[in-house]
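# Results of the structural survey
Take a look at the letters that make up each chain.
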Amino acid sequence: MPDQLLFAMEVTLNGLMAGVLYSLVALGFVLIFKASGIFNYAQGVMALFAALTLVGIMDGQVPFSHLINAVFGTEIHHFGWHVPALLAIAFTMVFMVAFAWLVNHFVLRHLVNQEPIILFMATIGLAYFLEGFGDIMWGSDIKKLDVGLPQGLNVWIDETTFNAFGYGFFIDNLDIVATVIAALLVTALVVFSQYTKQGRALRAVADDHQAALSVGISLNYIWVLVWSVAGFVALVAGIMWGAKSGVQFSLSLIALKALPVLMLGGFTSIPGAIVGGLIIGVGEKLFEFAIGPLLGGATENWFAYVLALVFLVFRPQGLFGEKIIERV
Amino acid sequence: MKDNVESHVTPDGRTIGGVLMEMKNITLRFGGVVAIKDISFDIREGEIRAIIGPNGAGKSSMLNVISGFYHPQEGEVWFRGARRPEMKPYQVAQQGIARTFQNIALFEGMTVLDNVMTGRLTHMRTGLLEQAIWWGKAEKEEVANREKVEKIIDFLEIQPIRKTPVGRLPYGLKKRVELARALAAEPMLLLLDEPMAGMNVEEKEDMSRFILDVNDEFGTTIALIEHDMGVVMDLSDRVVVMDYGKKIGDGTPDEVRANQDVIDAYLGVSHD
Amino acid sequence: MFYREAGDFKTSYVQDAQTFPIAFDRWRYYFVLAVAFLVIPFVINDYWANAVLLPFLIYAIAAIGLNILTGYCGQVSLGTGGFMAVGAYACYKLMTGFDIYLMGADGEWVRYALPPINIFFSVILAGLVTAFVGVLFGLPSLRIKGFYLAVATLAAQFFLVWLFNKWAWSYNYSASGQINAPTRSMFGIEVTGPTTEPWAAYMFCLVFVVALAWLARNLTRGSVGRRWMAIRDMDIAAEIIGVNPLTAKLSAFAVSSFFVGVAGALFFAVYLGAVEVGEAFGIQKSFLVLFMIIIGGLGSIFGSFAGAAFMVLMPVLLKNVLVGTLGWPTDLAAHIEFIIVGALIVVFLIAEPHGLAQLWRLAKEKLRLWPFPY
């Protein structure tokens, strides 16, 4: 096979992997949006916070050490213990559920009947708050996240493709793991949403708050549940991205990347988040590969948005979203 | 059956002219649902035309077709003797058609005065640059339109609330403000979508008086959707009756009242 | 007792439509203008100009611009940073002069060297260029609404930042990608460049602020303002009563972008002097201006000033208190700033969506009755 085609295939595969990670983040958005009509801009920062907390717990960091040291003049940083990965993940989930409850209690309850744009801006405020809070609690230096996931070049694929095509594909093990985990997570979420009592309640709430209330569904309970699930998704996404590039501020920027994914897929659709993520992941990489050099490179900064924008102009509700019917 | 094509004078002294608006064989579909099926009727200049029918008959949809918000798949709309091409709602408004809405569509972020002033927008012509400078043309136009609006505010007796944000008003007053906004456009044809909805007897009498005054003093043609039969019989010159998207009656209130199909529709006799 | 309307009757609609109908307000406004023009230039120093006054004035212009688009017309934009960049780079090119190509008499392209344009006109023309770009990126608003539109404006934000990074002509092929404002003067007094006096820079910006605020006031109280607000409140009803949504939305984008472009030009030329597009005009800038109008008050010109003042003063205050007085490290102060800003946004959106401007209005209403309780 010609080299260019092989390169393109490799780029496509990597794009698919990246797309899976995008979808993972986008899923968290879809869940919250479906249940409460809120577009949670803070989802990305939640992933960052979850990852920070995980590392902090695993490494035995003292929370707020920076602040404590500044106020009291001390020099403490670590407790000195290490917590195994799985246990740390469990503890982090406790944090995320607590966070979900706090957000619902202090923010969401008070914004129940507001327009979507107000809710969106509130989540932007929340994102800033959480970012500052996370930084103060765990420190803003880059941290390494190691939960025991396999990393590095997948040797088997490299050798097999080299033997078959004369060119070895570079596929990272971590990406493969991420894809598998994401697929499992998505399946679990779909099953949850379609077949469990809570899932049905979630869909009822997404459809009509008032009607859901009138059949006895507790909005507060559903919202805490949803934000907890979203917190879990954020944690998984945080682990994946964090293992790949270290836990740092730029993790919160994935929220921004998830937006074009959602625009393409439709804000209310789980399959849409997946398909959208894959399209964006592949599209970005292929565009940069094929046309990027002509434009000076770094087109990945904006390509996803322009693609989504063009798409929206022709189909405002996205691929799988509900058609927006306006009545007078 | 009186069906004069030329203008005539009603017993109470109003002049009803020739045909102002005519709907010809209008059919409106939403996917598989047929909201309006092959309906034709006309509206005469200066008359008060009621459109009545059970819920879901397609009356509001008909009003939306007249407003240009919905585009019928079949049929034609004729306005002032000429076929109206498919146009956007704001162009329809510029032609001289104003309306009120079933569920009140006031601009909640603005005061009563500003809301009524928006009714004048089809008459306000100054450009962006002139308004940025304000002194001169823009100020003059603003004052001239303000005077017109104040007359309408007087007419509908809403002076005390002119600076109140609309969101704070009770339902009945909101309906009156919406009427003021529609009147401010000095329309040729005024469409009223259930103007009496949610009102008590006293408020209905006030609103009826306003509607009659509008028709009498300004000569505005009025088409209204209404459920209160008493109001319909008292106010309107002619009535169109719709049921399940079809027209089942068309004539003076007395004629329609005696129509067996209309009686069946309201009493609920099943049709095929 | 001194703040009241009783006895102050308006005898014409012109009087009723004034910006400051209550006499006390009007006098206070003149007083503020007097202090701004006649007192501050003589007492201003470098620190106050650079830390507080210049950013306040410039961000006020940007905030008014964004408020016109988002607060008055309801079109949310997260592209403010990118549009400020357009203003800055357009101003730079106009200030330094560039070549344009025109069709000559014989059908051949002829190259003319456009000379550097006076700074005042450079800023205005930069605003006009930004207005044009704004209209372009505003076109999707005709099909996309609400926060779908907000996300679409992100396309503008990221694309524009990338553009000014890659398009070497825009930064005169400098190796670092940075643009530097050359020294320019008005009436013989320097207003840009390293040797500019603080009072000159301040006055230059002040003139723009007062003029633009006046224009904004006129636009928002006239029929175009009403068109914008109608679209914001209920765009379908607005269209049915006769507002052309295309011209209304695009005019909002145009005017808003003009303001934001002027702010960007001043930000670069007068305030910073040298700018690199990624750090100066990135998405953080878009959020900053958005926070200004949320905290200050959506749909209010006074609110734009209040919000700008707040967001400019708060970090300065925090730094002085936490770092200066308490001796805490600066990054801690920065994190606390994030926490405070984030919390305030949420609090304002819950408790007072109309921001400081509404709180101010309520305070004035209480004052009208003072000393009576009701």
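Let me sum up the structure you'll find in this document. (Residues numbered from 1 in each chain as written. Chains lettered and ligands numbered in written order. Predicted model: local features only at pLDDT ≥ 70, side-chain atom pairs only at ≥ 80, totals over all residues. Heavy atoms only, no water.)

## A look at the overall build of chain C
The following threshold applies: Every helix listed is a DSSP run of H or I at least four residues long, and every strand listed is a run of E at least two residues long, numbered separately from the N terminus. For this measure, only C-alpha atoms enter the radius of gyration; the expected value for a globule follows 2.2 Å times N^0.38, where N is the number of residues. Between buried and exposed lies partly exposed: a residue is buried under 20% and exposed over 50% of the maximum accessible area for its type, with that area taken using a 1.4 Å probe on protein chains only. Contacts are assigned to residue pairs that have any heavy atoms within 4.5 Å of one another. When charges are counted, neither His nor the chain ends are considered; positive counts come from Lys and Arg and negative counts from Asp and Glu. For charged residues, the charge sits on one atom: NZ in Lys, CZ in Arg, CG in Asp, CD in Glu.
Each helix and strand in chain C was counted, giving 14 helices and six strands. Taken against the 2.2 N^0.38 rule, which gives 21 Å for 374 residues, the C-alpha radius of gyration of chain C at 22 Å falls within 12% of a compact globule. Here the C-alpha coordinates of chain C stretch approximately 75 × 60 × 40 Å along the principal axes. Burial analysis of chain C (374 residues in total) assigns 53% to the buried set. Residue pairs at least 24 apart in sequence account for 72% of intrachain contacts in chain C once pairs closer than 6 positions are excluded. Looking at chain C, you have 22 positive and 19 negative side-chain charges, and the mean spots of the two groups are 8 Å apart.

## Quick word on the pattern of salt bridges
Between side chains of opposite charge, pairing is possible as soon as their charged atoms come close. Residues and elements named next belong to chain B. Here is the rule: When a carboxyl oxygen of Asp or Glu is within 4 Å of a side-chain nitrogen of Lys or Arg, the pair counts as a salt bridge.
Considering all chains together, one arrives at 23 salt bridges over all chains under this definition. With its nearest N and O atoms 3.7 Å apart, the salt bridge here joins Glu47 to Arg49. Arg49 matches Glu47 in its accessibility class, with the two residues each being buried.

## Quick look at the pairing of strand E5 (residues 48-52) of chain B
The side chains of a regular strand alternate between both faces of the sheet. All names here are of chain B. Stated precisely, the cut-off is as follows: Pairing between two strands requires that DSSP report at least two bridges joining them.
Counting buried residues in E5 gives five out of five residues, a clear majority hidden from the surface. Burial along E5 is two-sided: Ile48, Ala50 and Ile52 facing one way and Arg49 and Ile51 facing the other are all buried. Alignment of E5 against strand E10 (residues 221-225), held across four bridges, turns out to be parallel. Following the sheet pairing, Ile51 is matched in E10 by Ile225. Alignment of E5 against strand E11 (residues 238-243), held across four bridges, turns out to be parallel.

## Considerations on the interface of chain C and chain A
Heads up, the rule is: Buried area is a sum: the accessible area each of two parts loses on coming together, probed at 1.4 Å, counted once for each and added. Polar contact is defined as a pair of N or O atoms within 3.5 Å, subject to the rule that within protein one atom must be able to donate a hydrogen and the other to accept it, and that residues adjacent in sequence are counted only when both atoms are side-chain atoms. Gly falls in the polar group here, along with every residue not listed as nonpolar (Ala, Val, Leu, Ile, Met, Phe, Trp, Tyr, Cys, Pro) or charged (Asp, Glu, Lys, Arg).
Taken residue by residue, the interface counts 41 residues in chain C and 51 residues in chain A. Around 4200 Å² of area is buried between chain C and chain A when both sides are counted, 82% of it from carbon and sulfur atoms. Linking chain C to chain A there are zero salt bridges. Viewed at the interface, chain A and chain C are joined by four residue pairs in polar contact (both at pLDDT 80 or more). Looking at the side of chain C that touches chain A, the elements with two or more residues in it are helix H6 (146-166), helix H8 (223-240), helix H11 (283-296) and helix H13 (330-351) of chain C. Among the elements that line the side of chain C that touches chain A, the one with the most residues is H13 of chain C, at twelve residues. Class assignment for the residues of the side of chain C that touches chain A results in 34 nonpolar, three polar and four charged.

## A closer look at the interface of chain B and chain C
Each side of the interface is counted separately: chain B has 36 residues, and chain C has 29 residues. In total, about 3100 Å² of surface goes out of reach between chain B and chain C, with carbon and sulfur atoms giving 67% of it. Seen at the junction of chain B and chain C, the total is two salt bridges. We note a salt bridge from Arg226 of chain C to Asp114 of chain B, for which the minimum N-O separation is 3.4 Å. Inspection of the chain B/chain C interface yields ten residue pairs in polar contact (both at pLDDT 80 or more). Listed by contribution, the elements that provide at least two residues to the side of chain B that touches chain C are helix H2 (89-94), helix H3 (112-118), helix H4 (128-133) and helix H5 (137-155) of chain B. It is H5 of chain B that contributes the most residues to the side of chain B that touches chain C, six residues altogether.

## Considering the sheet that holds strand E7 (residues 82-83) of chain B
Residues and elements named next belong to chain B. Formally: Every axis corresponds to a line fitted to the C-alpha atoms, with the helix fit spanning only the stretch in contact, and the corresponding angles, defined between N-to-C directions, vary from 0 to 180 degrees.
The four strands are arranged E4-E3-E6-E7 in an open sheet whose pairing can be described as antiparallel. Since the sheet does not close on itself, it has two edges, and those belong to strand E4 (33-44) and E7, each with one partner. With five bridges joining them, strand E3 (residues 19-30) and strand E6 (residues 74-79) adopt antiparallel strand pairing. Across the sheet, the residue bridging to Met21 is Phe79, located in E6. Across the sheet, helix H1 (residues 59-67) touches E3, E4 and E6, and the angle it forms with E3 is around 115°.

## Quick look at helix H2 (residues 23-43) of chain C
Residue and element names in this part refer to chain C. Cut-off, in case you're wondering: Here the expected length of a helix is defined as 1.5 Å per residue gap, with one fewer gap than residues. The angle between axes fitted to the seven-residue stretch ending at a residue and the seven-residue stretch beginning at it gives the bend at that residue.
Taking 1.5 Å per residue, 21 residues should reach 30 Å; H2 reaches 29 Å between its end C-alpha atoms and fits that length. Along H2, the helix axis deviates most sharply at Ala36, where the bend reaches about 35°. Residues of H2 that are buried: Asp25, Ala36 and Pro41.

## Quick look at the side chain of Thr153 of chain C
Residues and elements named next belong to chain C. Turning to its location among the elements, Thr153 is positioned in helix H6. Within the structure, Thr153 has its side chain in polar contact with the backbone nitrogen of Leu78 (distance 2.8 Å). Among all residues touching Thr153, those that are not within four sequence positions of it are Val76, Ser77, Leu78 and Gly79.

## A word on the packing of aromatic side chains
The way to describe two aromatic rings as a pair is by their centre distance and the angle between their planes. Stated precisely, the cut-off is as follows: Working definition: rings of Phe, Tyr and Trp (its six-membered ring) pair if their centres are within 6.5 Å, and the pair is stacked with planes under 30 degrees apart, edge-to-face with planes over 60 apart, and tilted otherwise. Only lysine NZ and arginine CZ atoms are considered, and such an atom sits over a ring when it is within 6 Å of the ring centre and within 35 degrees of the ring normal.
In total, this model carries 37 aromatic pairs over all chains according to the counting rule given. Seen in terms of ring centroids, Tyr92 of chain C and Phe268 of chain C are 5.8 Å apart; in terms of plane orientation they differ by 85°. Their pairing is edge-to-face. Here Tyr92 of chain C is found in helix H4 (residues 80-96), whereas its partner Phe268 of chain C is found in helix H9 (residues 245-272), with 176 residues between them in sequence. In this pair, the class of Tyr92 of chain C matches that of Phe268 of chain C, namely buried. Aromatic rings pair up to connect Tyr41, Phe120 and Tyr128 of chain A together with Phe287, Phe291 and Phe338 of chain C into one cluster. In this structure, Lys93 of chain C packs its charged tip against the face of Trp169 of chain C, placed 4.1 Å from the ring centre.

## Quick word on a nonpolar patch on the surface
Residue and element names in this part refer to chain C. Stated formally: For patch detection, residues must exceed 30% relative accessible area and be free of salt bridges, and they are connected within 9 Å for like charges or within 5 Å for nonpolar side chains (Val, Leu, Ile, Met, Phe, Trp, Tyr). Under the convention used here, a 1.4 Å probe and the Shrake-Rupley method define accessible areas, while residue burial counts only the protein chains that appear.
Nonpolar side chains collect at one region of the surface, where Phe132, Leu136, Leu139, Leu142 and Leu246 lie side by side and expose about 450 Å² of accessible area between them. Residue position: Leu142 is located in the loop between helix H5 (119-138) and H6. The exposure class of Leu142 is partly exposed, given its relative accessible area of 31%.

## What to know about empty space enclosed by the protein
Residue and element names in this part refer to chain B. Stated precisely, the cut-off is as follows: Think of a 1 Å grid over just the protein atoms. A cavity is a set of points where a 1.4 Å probe fits yet cannot get out, a pocket is an open set with protein on both sides within 12 Å along at least five of seven lines, and lining residues have an atom within 4 Å of a point. Grid points are joined across faces, edges and corners, and a volume is the space filled by probe spheres set on the points.
Evaluation of the coordinates by the stated rule reveals four cavities of 30 Å³ or more. Sorting the residues of the lining of the largest cavity by element identifies strand E8 (97-99) and helix H6 (171-184) as the ones contributing at least two each. For the lining of the largest cavity, the leading source of residues is E8, giving three residues. Grouping the amino acids of the lining of the largest cavity by side-chain chemistry returns eight nonpolar, three polar and two charged.

## Quick notes on the packing of helix H7 (residues 173-195) of chain A against helix H10 (residues 219-245) of chain A
Packed helices, taken two at a time, are described by the angle their axes make and the gap between the axes. Residue and element names in this part refer to chain A. The criterion, for reference: These descriptions rest on fixed angle ranges, namely under 35 degrees for roughly parallel, over 145 for roughly antiparallel, 65 to 115 for roughly perpendicular, and the rest for oblique.
At a minimum axis separation of 10 Å, H7 and H10 run at an interaxial angle of 170°. Of the possible angle classes, the one that applies to H7 and H10 is roughly antiparallel. Taken together, the residues of H10 that come into contact with H7 (itself represented by Leu174, Asp175, Ala178, Ile181, Leu185, Leu189 and Phe192) are Leu225, Val229, Phe232, Val233, Val236, Met240, Ala243 and Lys244. Taken together, the residues that form the contact of H7 with H10 break down as 13 nonpolar, no polar and two charged.

## Re the packing of H11 of chain C against H13 of chain C
All names here are of chain C. The criterion, for reference: Here a crossing is called left-handed whenever its near helix is offset anticlockwise from the far helix by less than a right angle, and right-handed whenever the offset is clockwise.
H13 packs onto H11 with a crossing angle of 40° between their chain directions and a minimal axis gap of 9 Å. Considered as vectors, H11 and H13 are oriented oblique to each other. Viewed along their axes, H11 and H13 form a crossing whose handedness is left-handed. Contacts from Phe291, Ile294 and Ile295 of H11 reach H13 at Val341, Leu344, Ile345, Phe348 and Leu349.

## Things to note about helix H1 (residues 3-36) of chain A
The end-to-end C-alpha distance of H1 of chain A is 49 Å, a good match for the 50 Å that 34 residues give at a rise of 1.5 Å each. Burial within H1 of chain A is extensive, with 24 of its 34 residues counted as buried.

## Observations concerning the state of the cysteines
What makes a disulfide is a covalent bond joining the sulfur atoms belonging to two cysteines. Residues and elements named next belong to chain C. Spelled out, the test is: By disulfide we mean two sulfur atoms from cysteines, separated by a distance within 2.5 Å.
Going through the model one piece at a time under the given rule, you end up with zero disulfides over all chains. The closest cysteine sulfur to the non-disulfide-bonded Cys91 is located on Cys205, 11 Å from its own sulfur. For Cys205, a relative accessible area of 1% gives the class buried.

## Quick notes on unusual backbone geometry
Residues and elements named next belong to chain B. Phi is positive for Ile104, which is not a glycine, with a value near 50°. Judged by its relative accessible area of 10%, Ile104 falls in the buried class. Its identity as a non-glycine residue notwithstanding, Glu157 has a phi of 55°, on the positive side. Relative to the helices and strands, Glu157 is located in the loop between H5 and H6.

## A short note on the side chain of Thr100 of chain B
Residues and elements named next belong to chain B. Along the chain, Thr100 falls in the loop between E8 and H3. Residue class for Thr100 comes out buried when judged on its relative accessible area of 5%. Engagement of the side chain of Thr100 in a polar contact is seen with the backbone nitrogen of Asp193, the distance being 3.3 Å. Thr100 has contacts with Glu178, Leu179, Ala182, Leu191, Leu192 and Asp193, leaving out every residue within four places of it along the chain.

## Some points on the sheet that holds E11 of chain B
Residues and elements named next belong to chain B. Taken in spatial order, the six strands make up an open sheet running E8-E9-E10-E5-E11-E12, and their pairing is mixed. Looking along the sheet, the strands with just one partner apiece sit at the ends: E8 and strand E12 (246-251). The sheet shows a mean angle of 15° between the axes of neighbouring strands, direction not considered. Across the sheet, helix H7 (residues 201-218) touches E5, strand E9 (189-193) and E10, and the angle it forms with E10 is around 155°.

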